[in-house]
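# Descriptive analysis of the structure
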Amino acid sequence: MKIAIIGGGASGMAAALAALEGPENQVVIYERQARLGRKLLATGNGRCNLTNLGADVSRYHGRDPAFAGPALERFGPQQTLEWFGSLGLMTAQEDSGRVYPLSNSAGSVLDVLRLALEARGAFSFCASEVTAAGKAGQHFWLSTPAGDEQADRLLVACGGMAGAKVGGGKSGYALLAGFGHTRTELRPSLVQLRCDNAWTKSLKGVRTDASLTLELNGLVLGRAEGEVQFTDYGVSGPAVFDLSRAAAFAGDGATLALDLLPGHSQVDIIHYIEEKCADFPDYTADNLLTGTFHNSICRAIVRRAEIPAETRLWALSAASREAVAGLSKRYELPLRGTLGFEEAQVTAGGVETAGFSPQTLESRLVPGLYACGEVLDIDGDCGGFNLQWAWSSGRLAGLSAGGIYL
């Protein structure tokens, strides 16, 4: 049986290796980039956070996150690590549950996948974009730069809009639309946030740990904790990425509130400030929080509290001390949306999962058509969850397309 796979990213390669477990199967991968797995090389800042031991449906999003359940249950983090081990990859896990290749290089992950594909007889055509596809009788046809091709089964693993520089695009949505499938609204996710930079531009490059609350019209849309990096356009960092999906759908008008001292109450901070004023009365206001934050954050808080930097601590009013404490606990940033798909790691939204069987990832509309990975309306949190979905869904789709059942 000939199985055509459109897309040679993480899910496409996992699908190909799964389908090749059927000895009679022939697998052909069509990849529009110059090489397989280009986007994989960029994951985890080049380290490739290939899974997270805490991956379950609670860490995924979409119109129906439960759709991801069967694939994750059959091929979860532990099975994924065993699979990679069988391909020769050594891994290391962090306390957070994130797992990386022991080499700390995404190239190691791609290399073992590429070698396995070659050893098992997969055919791959790179720089070969499939521009159209359809079904005539029992067979699928594909339009490629080399001409029309035929296959018994067709698997779409084109990925989403995120990361256009390394392979993201709309082709998967268009191909599946040609078969009658529809998609949800698309938004960038795991991406930096734009905000009114009056309160971030001077902090460019500064990193700090904080508790974050995303709000819109008084409603809490999400919370996160972890590292925040200030930029000239807004904020970045792991904690920001965790809220970026909700921020993308919220649009303008949302507020990001940073608790810069999450381990301390506002009363504790006021007490600390009062002691500082008593112990160092001749210090200037811009040194009020020295020893607590990065100096740039100290100055930004004092300036935002409208306290002249040269004010001596002995002259600091109770209202000013409370204002500084309040800003330390709630540093508000009015949001202006997110950066775009070019910078995003993941696409939120995708082809509607209602059109596919969660048990096999086969189309409910067109027998023999399958889809997996980011092209579907499933996306995960930051921290290895999206690659786990790629492996899990790719393997399930590949086994199903190849007529191999668990």
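Described in the following lines is the structure provided in the data block. These figures come from a predicted structure and were not determined experimentally. (Residues numbered from 1 in each chain as written. Predicted model: local features only at pLDDT ≥ 70, side-chain atom pairs only at ≥ 80, totals over all residues. Heavy atoms only, no water.)

## Looking at the sheet that holds strand S10 (residues 147–151)
Note the cut-off: When DSSP finds two or more bridges between two strands, those strands count as paired. Only DSSP runs of H or I covering at least 4 residues are called helices, and only runs of E covering at least 2 are called strands; the numbering of each starts at the N terminus. All axes here are fitted lines through C-alpha atoms, helices being fitted over the stretch that makes contact, and every angle between N-to-C directions spans 0 to 180 degrees.
Ordered in space as S8-S9-S10, the 3 strands form an open sheet in which the pairing is antiparallel. For this open sheet the edge positions go to strand S8 (132–136) and S10, each flanked by a neighbour on one side alone. Mean inter-strand twist for the sheet, computed between neighbouring axes without regard to direction, equals 25°. The pairing of strand S9 (residues 139–144) with S10 spans 5 bridges and is classified as antiparallel. Bridge pairing in S10 links Phe140 to Ala151.

## Structural notes on a negative patch on the surface
Definition in use: The residues that make up patches have over 30% relative accessible area and no salt bridge, and they are joined within 9 Å when like-charged or within 5 Å when they are Val, Leu, Ile, Met, Phe, Trp or Tyr. Here the open area of atoms and residues is found with the Shrake-Rupley method and a 1.4 Å probe, where only the protein chains shown may cover a residue. A pairing counts as a salt bridge when a side-chain nitrogen of Lys or Arg comes within 4 Å of a carboxyl oxygen of Asp or Glu. Neither His nor the chain ends is counted toward charge; the positive residues are Lys and Arg and the negative residues Asp and Glu. Each charge is placed at NZ for Lys, CZ for Arg, CG for Asp and CD for Glu.
Taken together, the side chains of Glu274, Glu275, Asp279 and Glu322 present a region of like negative charge at the surface. For the negative patch, the element with the most residues is helix H7 (residues 266–279), which contributes 3 residues. Within the secondary structure layout, Asp279 lies in helix H7.

## Examining the sheet that holds strand S3 (residues 51–52)
Read from one edge to the other, the open sheet built from 3 strands follows the order S3-S6-S5, with strand pairing classed as antiparallel. Single-partner strands in this sheet number two, and they are S3 and strand S5 (91–93). The pairing of S3 with strand S6 (residues 98–101) spans 2 bridges and is antiparallel. Along S6, the bridge assignment pairs Asn52 with Arg98.

## Brief notes about the packing of helix H3 (residues 77–86) against helix H10 (residues 385–401)
Under the convention used in this document: Every angle not falling under 35 degrees, over 145, or within 65 to 115 is termed oblique; those three ranges are roughly parallel, roughly antiparallel and roughly perpendicular. We call two residues contacting when some pair of their heavy atoms lies within 4.5 Å. Each residue gets one of three labels, nonpolar for Ala, Val, Leu, Ile, Met, Phe, Trp, Tyr, Cys and Pro, charged for Asp, Glu, Lys and Arg, and polar for the others, Gly among them.
The contact between H3 and H10 brings their axes to 10 Å, and the two run at 80°. When the axes of H3 and H10 are compared, the pair comes out roughly perpendicular. Together, Pro77, Thr80, Trp83 and Phe84 of H3 and Gln388, Trp391 and Arg395 of H10 make up the contact between the two elements. For the contact of H3 with H10, the per-class residue count stands at 4 nonpolar, 2 polar and 1 charged.

## With respect to the pairing of S8
Two strands pair when backbone bridges link them, and S8 and S9 are joined in this way by 5 bridges, in the antiparallel orientation. From the neighbouring strand, Lys135 faces S9, where its bridge partner is Phe140.

## A few points about the packing of aromatic side chains
The relation between two aromatic rings is expressed through the spacing of the ring centres and the mutual angle of the planes. Rule in force here: Two rings from Phe, Tyr or Trp (for Trp, the six-membered ring) form a pair when their centres sit within 6.5 Å of each other. Planes less than 30 degrees apart are called stacked, planes more than 60 degrees apart edge-to-face, and all others tilted. Remark: exposure states derive from per-residue accessible area (1.4 Å probe, protein chains only) relative to the maximum for the residue type, with buried under 20%, exposed over 50%, and partly exposed in between.
Under the counting rule described, the total for this entry stands at 8 aromatic pairs. On the numbers, 5.0 Å between centres and 80° between planes, the contact of Phe84 with Trp391 is edge-to-face. Residue Phe84 is located in helix H3, and its partner Trp391 is located in helix H10; the two are separated by 307 residues in the primary sequence. A residue is classified by how much of its surface remains accessible, and Trp391, at 0% relative accessible area, is buried. Aromatic rings pair up to connect Phe75, Trp83, Phe84 and Trp391 into one cluster.

## Points about the environment of Pro77
Structurally, Pro77 is set in helix H3. For Pro77, a relative accessible area of 10% translates into the label buried. Once residues lying within four places of it in the same chain are set aside, the contact partners of Pro77 are Thr51, Asn52, Leu53, Ala55 and Gln388.

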